[in-house]
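# Architecture and fold: a report
Okay, here's what each chain looks like letter by letter:
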Amino acid sequence: GILETVDKPVLIHYGSYETAFLKQMCECYGVPSEVAAAAKAVQSSLNLLSAIFARIYFPPYSNRLKDIARWLGFKWLTQDASGLHSILWREQWDLTRAPLLKENLINYNLEDCAALKLVACLVSQICQQGSDPLSEAAERLDLVVADTLDCRVTLWPRFASSIESFEAINKAAHW
């Protein structure tokens, strides 16, 4: 019902869990009518991780939502909040119906949505400013557009080998 009030809704998610969940929901409860906003939103859903992967490199050593969002300054109320904890909370809530567990789940999901929004806004800003590497936003973000780098400049010395295959391997590894 909520999606019906949104013009051209798009579900933005991070990773494959949501896609698998939506597929499972369709199997359990049936596929929404093709004209329903829910069906259109599912069909046009965007996995933000797929848009980031191998295109944008953030300072954290992983592309995990929590790592990138924490790097951006986002804080979860529960310090050790994780997908695994949410599964445990859900399992315990299914057994006990304890209000605190339900509250933990809702807060965790709300915070994950807020973190996703923060990362999505940054990715959007990077995409908009990426075409102009000299822009103010690019400087503020310390954004480097790889296409603008001089590929001839390298920290690695020229590799030479009497075995031709080694040179080909080194050339590939250079990139």
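The following refers to the structure shown. All figures in this text were calculated on a predicted structure; none of them were measured in a lab.

### Points about a nonpolar patch on the surface
Taken together, the side chains of Tyr 17, Phe 21, Met 25 and Tyr 29 present a nonpolar region at the surface, about 480 Å² in accessible area. Mapping Phe 21 onto the fold places it in helix α1 (residues 17–29). Taking relative accessible area as the criterion, Phe 21 reaches 35% and is therefore assigned partly exposed.

### Quick look at the side chain of Asp 112
Along the chain, Asp 112 falls in helix α6 (residues 99–130). A distance of 3.0 Å separates polar atoms of two side chains, one belonging to Asp 112 and the other to Lys 66. If sequence neighbours within four positions are ignored, Asp 112 has contacts with Leu 65, Lys 66 and Trp 76.

### Some thoughts on the packing of aromatic side chains
The final tally for this structure, using the stated rule, is four aromatic pairs. Seen from their ring centres, Tyr 17 and Phe 21 are 6.4 Å apart, and the 15 degrees between their planes marks the pair as stacked. In this pair, Tyr 17 and Phe 21 are both assigned in helix α1, four residues apart and thus about one turn of the helix distant. Ring centres of Phe 74 and Trp 76 lie 4.7 Å apart, and the angle between their planes is 75 degrees; this geometry places the pair in the edge-to-face category. As far as the burial class goes, Phe 74 and Trp 76 line up, both buried. It is Arg 97 that lies over the ring of Trp 93; its NZ or CZ is 4.1 Å from the centre.

About the cut-offs
- Residues numbered from 1 in each chain as written.
- Predicted model: local features only at pLDDT ≥ 70, side-chain atom pairs only at ≥ 80, totals over all residues.
- Heavy atoms only, no water.
- Patch = residues over 30% accessible without salt bridge, like charges linked within 9 Å, V, L, I, M, F, W, Y side chains within 5 Å.
- Areas by Shrake-Rupley, 256 points an atom, 1.4 Å probe, with all protein chains shown as cover.
- Salt bridge = Lys/Arg side-chain N within 4 Å of Asp/Glu carboxyl O.
- Helix = DSSP H or I, 4+ residues; strand = E, 2+ residues; numbered from the N terminus.
- Buried < 20%, exposed > 50% of the residue type's maximum accessible area, 1.4 Å probe, protein only.
- Polar contact = N/O pair within 3.5 Å; in protein donor to acceptor, adjacent residues only side chain to side chain.
- Contact = heavy atoms within 4.5 Å.
- Phe/Tyr/Trp six-rings, centres within 6.5 Å; stacked < 30°, edge-to-face > 60°.
- Lys NZ or Arg CZ within 6 Å of the ring centre and 35° of its normal.

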